[in-house]
Amino acid sequence: GCLSNLSMGVKGAIFIMVGHGLCSSGMFSLVNVFYSHSGFRNLYMNKGFLIKSPILCLVSFLLCSSNMAAPPSLNLFGEVLMFVCSYLISFCFLVLLMVMTIISAIYSLHLYTSTCHGKVSEAQTSLETVSYSSIFVLLAHWIPLNFLFLFMP
């Protein structure tokens, strides 16, 4: 977007960079919360969090959907601008961007479904609830990610 020398491309790149900064740090915090409550780093050992903490799964869904550029996230507006800009430059760039977006969305959905749904692993014995401070930290990443576009020119 920045190399396209179009104002639309630069704005799209800025939106994606800010959105990625908020969303990726929120996703890393989310993974830390999963790890601190299960003790496992393996994605398949962290199943069934919907039973343990529904509010954590709600925030997890919000972050994962924002990561795959669902409305009204800042990532959506940046990706739309990048799609238009890449179409103006080259159709090959547009196809490459579409493939990368689809792969990213598939991984975000896989992350959400594999951690929140399914049967709780037998290795997870801790039934402690997630603290409100952890939920607040995750929401502190999600709220600006979805409402910052209102204040952008």
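None of the values given here were measured: they were computed from a predicted structure.

Focus: the overall build of the chain
Piece 1. For the chain, the count of helices and strands is six helices and zero strands.
Piece 2. Along the first, second and third principal axes, the C-alpha atoms of the chain reach 55 × 30 × 20 Å.
Piece 3. Within the chain, buried positions represent 38% of all 153 residues.
Piece 4. Long-range pairs, those at least 24 residues apart, make up 80% of the contacts in the chain with a sequence separation of at least 6.
Piece 5. Element-wise, carbon and sulfur atoms account for 75% of the exposed surface of the chain, whose accessible area totals about 8800 Å².

Considering the UniProt feature "transmembrane region" (unreviewed entry) in the chain
Piece 1. Under the present numbering, the feature "transmembrane region" (unreviewed entry) in UniProt falls on residues 12-35, 55-74, 80-109 and 130-152.
Piece 2. Split by type, residues 55-74 is 70% helix and 0% strand. Its first and last C-alpha atoms lie 23 Å apart.

Section: the packing of aromatic side chains
Piece 1. Applying the stated criterion across every chain yields a total of three aromatic pairs.
Piece 2. Relative to Phe147, the ring of Trp142 has its centre 6.3 Å away and its plane inclined at 85°; by these criteria the two rings are edge-to-face.

Quick word on the nonpolar core
Piece 1. Of all hydrophobic cores here, the largest spans 23 residues; its most connected members are Met27, Leu30, Phe34, Leu56, Leu63 and Leu138.
Piece 2. Secondary-structure elements contributing two or more residues to this core are α1 (7-38), α3 (54-67), α5 (91-116) and α6 (132-147).
Piece 3. Among the elements that take part in this core, α1 stands out by supplying seven residues, more than any other.
Piece 4. Dropping the residues within four chain positions of it, Leu56 is found in contact with Leu30, Val33, Phe34, Phe49, Val130, Ile135 and Leu138.

Points about the side chain of Thr115
Piece 1. Tracing the backbone through its elements, the reader meets Thr115 in helix α5.
Piece 2. Here Tyr112 takes part through its backbone oxygen, which lies 3.3 Å from a polar atom of the side chain of Thr115.
Piece 3. If we ignore the near neighbours within four places in the chain, the residues touching Thr115 are Phe34, Leu43, Asn46, Lys47, Gly48 and Phe49.

Focus: a nonpolar patch on the surface
Piece 1. A contiguous nonpolar surface patch, about 1000 Å² in accessible area, is contributed by Leu6, Val80, Val84, Tyr87, Leu88, Ile89, Phe91, Phe93, Val95, Val99 and Ile103.
Piece 2. Assessed through its relative accessible area of 55%, Phe91 is described here as exposed.

Brief notes about the environment of Phe93
Piece 1. Structurally, Phe93 is set in helix α5.
Piece 2. Along the sequence, Phe93 and Met82 sit 11 residues apart, while their C-alpha atoms lie 9.9 Å from each other.

Let's talk about the packing of α1 against helix α4 (residues 74-89)
Piece 1. For the pair α1 and α4, interaxial distance at closest approach is 8 Å and the crossing angle is 145°. The chirality of how α1 crosses α4 is left-handed. Contacts between α1 and α4 involve Met8, Gly9, Lys11, Gly12, Ala13, Phe15, Ile16, Val18, Gly19, His20 and Cys23 on the former and, on the latter, Leu74, Asn75, Phe77, Gly78, Glu79, Leu81, Met82, Val84, Cys85 and Leu88.
Piece 2. When grouped by side-chain class, the residues that make up the contact of α1 with α4 number 13 nonpolar, six polar and two charged.

Some words on unusual backbone geometry
Piece 1. Pro71 connects to Pro72 through a cis peptide bond whose omega is 0°.
Piece 2. Positioned with a positive phi, Asn5 is a non-glycine residue whose angle comes to about 65°.

What to know about the layout of surface pockets
Piece 1. A volume near 530 Å³ is recorded for the largest pocket.
Piece 2. What lines the largest pocket is a set of 21 residues, among which Ile16, Glu79, Met82, Leu97 and Met100 lie closest to the centre.
Piece 3. Mapped onto the lining of the largest pocket, the elements with two or more residues apiece are α1, α4 and α5.
Piece 4. Class assignment of the residues belonging to the lining of the largest pocket gives a composition of 11 nonpolar, nine polar and one charged.
Piece 5. Here the second largest pocket defines a volume of roughly 230 Å³.
Piece 6. His20, Ser24, Met27, Phe28, Val31, Leu43, Asn67, Tyr107 and Leu111 together form the lining of the second largest pocket.
Piece 7. Within the residue set of the lining of the second largest pocket, elements represented by two or more residues are α1 and α5.
Piece 8. The class makeup of the residues in the lining of the second largest pocket is six nonpolar, three polar and no charged.

How each quantity is defined
- Residues numbered from 1 in each chain as written.
- Predicted model: local features only at pLDDT ≥ 70, side-chain atom pairs only at ≥ 80, totals over all residues.
- Heavy atoms only, no water.
- Helix = DSSP H or I, 4+ residues; strand = E, 2+ residues; numbered from the N terminus.
- Buried < 20%, exposed > 50% of the residue type's maximum accessible area, 1.4 Å probe, protein only.
- Contact = heavy atoms within 4.5 Å.
- Areas by Shrake-Rupley, 256 points an atom, 1.4 Å probe, with all protein chains shown as cover.
- UniProt positions renumbered as here; feature names shortened; annotations may be inferred.
- Phe/Tyr/Trp six-rings, centres within 6.5 Å; stacked < 30°, edge-to-face > 60°.
- Core = buried A, V, L, I, M, F, W, Y, C linked by side-chain atoms within 4.5 Å.
- Polar contact = N/O pair within 3.5 Å; in protein donor to acceptor, adjacent residues only side chain to side chain.
- Patch = residues over 30% accessible without salt bridge, like charges linked within 9 Å, V, L, I, M, F, W, Y side chains within 5 Å.
- Salt bridge = Lys/Arg side-chain N within 4 Å of Asp/Glu carboxyl O.
- Axes fitted to C-alpha atoms, helices over the stretch in contact; angles between N-to-C directions.
- Left-handed = near helix turned anticlockwise from the far one by under 90°.
- Nonpolar A, V, L, I, M, F, W, Y, C, P; charged D, E, K, R; others polar.
- 1 Å grid on protein atoms, 1.4 Å probe; cavity = no way out; pocket = protein on both sides within 12 Å on 5 of 7 lines; lining within 4 Å.
- Points joined across faces, edges and corners; volume = space filled by probe spheres on them.

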